[in-house]
Amino acid sequence: MVLHKKTVSFVALFLLLLVISSNYVLYHSSFGLQSLPGNFNGVVVGSILDLSLVAPLLFLAWQRKFSLKYFIVLMTTGLIAARFIIPSEYLASFQSVMWLGAGIEGLLILFELSLLFMLVKNVPPILRRIKSSSLPLLFSFSRAVNEKFSKQPFIHVLCSEMLMFYYAFGTWKKQPRTEGNTFTLYKRSSFITFQIMIIHAIVIETLGLHWLLHNTSMTLSIVLLILNIYSIIFFIGDIQALRLNPLRVEEDRIYISFGLAKRMEISFKDIEEIIEDTHILKQKIPSTTIEFIARDFETVHPDLLLTLKSPVEATLFMGIKKKYQQVAIRVDDPHAFKKIVKECLEKNKQNM
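A quick note: this is a predicted structure, and the numbers were derived from the prediction, not measured.

Engineer: An account of the overall build of the protein is requested, with residue identities and associated values reported.
Structural biologist: A count of helices and strands for the protein gives 12 helices and eight strands. Within the protein, buried positions represent 41% of all 352 residues. Considering only contacts within the protein whose residues lie at least 6 apart along the sequence, 67% involve residues at least 24 apart. Split by element, the accessible area of the protein, about 20100 Å² in all, is 65% carbon and sulfur.

Engineer: Can you break down the nonpolar core residue by residue, with the values?
Structural biologist: Counting 61 residues, the largest nonpolar core has L247 and M264 as its most contacted members. With eight residues, the single largest contributor to this core is helix α10 (residues 218-244). Once residues lying within four places of it in the same chain are set aside, the contact partners of L247 are N181, T182, F183, L185, I254, Y255, I256, I329, V331 and F337.

Engineer: Run through a nonpolar patch on the surface, naming residues and quoting values.
Structural biologist: On the surface, F10, V11, F14, L15 and L18 cluster together to form a nonpolar patch covering roughly 490 Å² of accessible area. With respect to the helices and strands, the residue L15 is situated in helix α1 (residues 2-28). Residue L15 is classed as partly exposed on the basis of its relative accessible area, which comes to 34%.

Engineer: Quick rundown of the side chain of N181? Include the residues and the values.
Structural biologist: Structurally, the position occupied by N181 is in the loop between α8 (153-169) and β1 (182-183). Its relative accessible area of 17% is what places N181 among the buried residues. When neighbours within four sequence positions are excluded, N181 is seen to be in contact with L247, R248, V249, E250 and I340.

Engineer: Could you give me a rundown of the environment of Q325, with the residues and numbers involved?
Structural biologist: Relative to the helices and strands, Q325 is located in strand β8 (residues 321-329). Since its relative accessible area comes to 27%, Q325 is described here as partly exposed. Taking the C-alpha atoms as reference, Q325 lies 6.4 Å from T307; in sequence the two are 18 residues apart. Residue contacts for Q325: discarding those within four places in its chain leaves T288, L306, T307, L308, K309, S310 and P311. Only 2.4 Å separates the side chain of Q325 from the backbone oxygen of L308, close enough to count as a polar contact.

Engineer: Run through the packing of aromatic side chains, naming residues and quoting values.
Structural biologist: On inspection of all chains with the given rule, the structure shows eight aromatic pairs. Aromatic pair F139 and Y255: ring centres 5.1 Å apart, planes at 65°, arrangement edge-to-face. Here F139 is found in helix α7 (residues 137-148), whereas its partner Y255 is found in strand β3 (residues 253-258), with 116 residues between them in sequence. Both residues of the pair, F139 and Y255, count as buried.

Engineer: Report on the pattern of salt bridges, specifying residues and quantitative values.
Structural biologist: Pairing is possible between side chains of opposite charge, provided their charged atoms come close. Applying the stated criterion to the full structure yields eight salt bridges. The salt bridge involving E250 is made with R248; its shortest N-O contact spans 2.6 Å. A relative accessible area of 23% places E250 in the partly exposed class. Looking at R248, the relative accessible area reads 8%, which means it is buried. The salt bridge involving R295 is made with E291; its shortest N-O contact spans 2.7 Å. In this structure E291 comes out as partly exposed when scored by relative accessible area, which is 22%. Residues joined in a network through salt bridges with shared partners are R143, D252, R253 and E265.

Engineer: Tell me about the packing of α8 against α10, and please be specific about residues and values.
Structural biologist: Close contact between α8 and α10 brings their axes to 7 Å; oriented N to C, the two are set at 75°. The orientation of α8 relative to α10 falls into the category roughly perpendicular. Where α8 abuts α10, its residues E161, M164, F165, Y167, A168 and F169 lie against Y230, I233, F234, I236, G237, Q240, A241 and L244. Of the residues contributing to the contact of α8 with α10, the split by class is 11 nonpolar, two polar and one charged.

Rules used in this analysis
- Residues numbered from 1 in each chain as written.
- Predicted model: local features only at pLDDT ≥ 70, side-chain atom pairs only at ≥ 80, totals over all residues.
- Heavy atoms only, no water.
- Helix = DSSP H or I, 4+ residues; strand = E, 2+ residues; numbered from the N terminus.
- Buried < 20%, exposed > 50% of the residue type's maximum accessible area, 1.4 Å probe, protein only.
- Contact = heavy atoms within 4.5 Å.
- Areas by Shrake-Rupley, 256 points an atom, 1.4 Å probe, with all protein chains shown as cover.
- Core = buried A, V, L, I, M, F, W, Y, C linked by side-chain atoms within 4.5 Å.
- Patch = residues over 30% accessible without salt bridge, like charges linked within 9 Å, V, L, I, M, F, W, Y side chains within 5 Å.
- Salt bridge = Lys/Arg side-chain N within 4 Å of Asp/Glu carboxyl O.
- Polar contact = N/O pair within 3.5 Å; in protein donor to acceptor, adjacent residues only side chain to side chain.
- Phe/Tyr/Trp six-rings, centres within 6.5 Å; stacked < 30°, edge-to-face > 60°.
- Axes fitted to C-alpha atoms, helices over the stretch in contact; angles between N-to-C directions.
- Parallel < 35°, antiparallel > 145°, perpendicular 65-115°, else oblique.
- Nonpolar A, V, L, I, M, F, W, Y, C, P; charged D, E, K, R; others polar.

Keep in mind these values describe shape, not function.
Written as structure tokens, this is what we have:
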């Protein structure tokens, strides 16, 4: 079943890229333009359906996240994308459909702007809540936002972006906490070095592609430039978040995060079992397990595996929530970590 789900997701992503790229090539290459029939209205209708219906469905299948509101947003985004992909002279007969998509998107933007206004209005109490909390920033910020906007995905995505920019540009003078109950996750690997190599590769790719494309397709060149700059900011913020937020063990729970990509709060009362068996730890990790492991060029395995009594929610990139049954952890000081986790788990069992 796990393999089946991954296969469906991969196929959906492949088809999504195929739909978008084929429609772009159809209108922006000599081969595509020559293949257009004299009466091109049918082809344009097909492209509009591809971008506003087929592509959103494939995107949802890839993400395995089905929501009517999400689908409507993707449909209107597809209609707007059609305005840029399909030349204006081919859209003359379909202006009403294009304006419908723009109108719906405009209403959604107004709604999201109202949420943004509410967020700005609530920034002072959120900051006060963060300052009064002893939790790591990734957790105190998330908790303060959830108290005000528990059911607003747009706000969670926006706050995730705020964290990215904060860690990328506002944390260079900060130092990580080095208390006895904190454990780093990356020093036994070359993970940060690997991330820096990726940043260098993106910079080189950005310069090369921008130079190659700016004369042939300025729009595509600018889009790729923006995406690459965003990727660089994300990787820088991710490195800083990883450095400044070590795993933290409290008396009743564990606060664990891996940069900006994922974080989780694990209560000791929710832990069913601690697995240390080397044979089990070297087996393939199933999709029901979340990994907090710094990976580079070498194959590494977790130091321990926490089996939970019931699935516990984790927060992933862009504020996405997902529940997991097991937690695989690899730290830089495994012996001290195992000792303190076992002690806290035993204390909590005695107090129950």
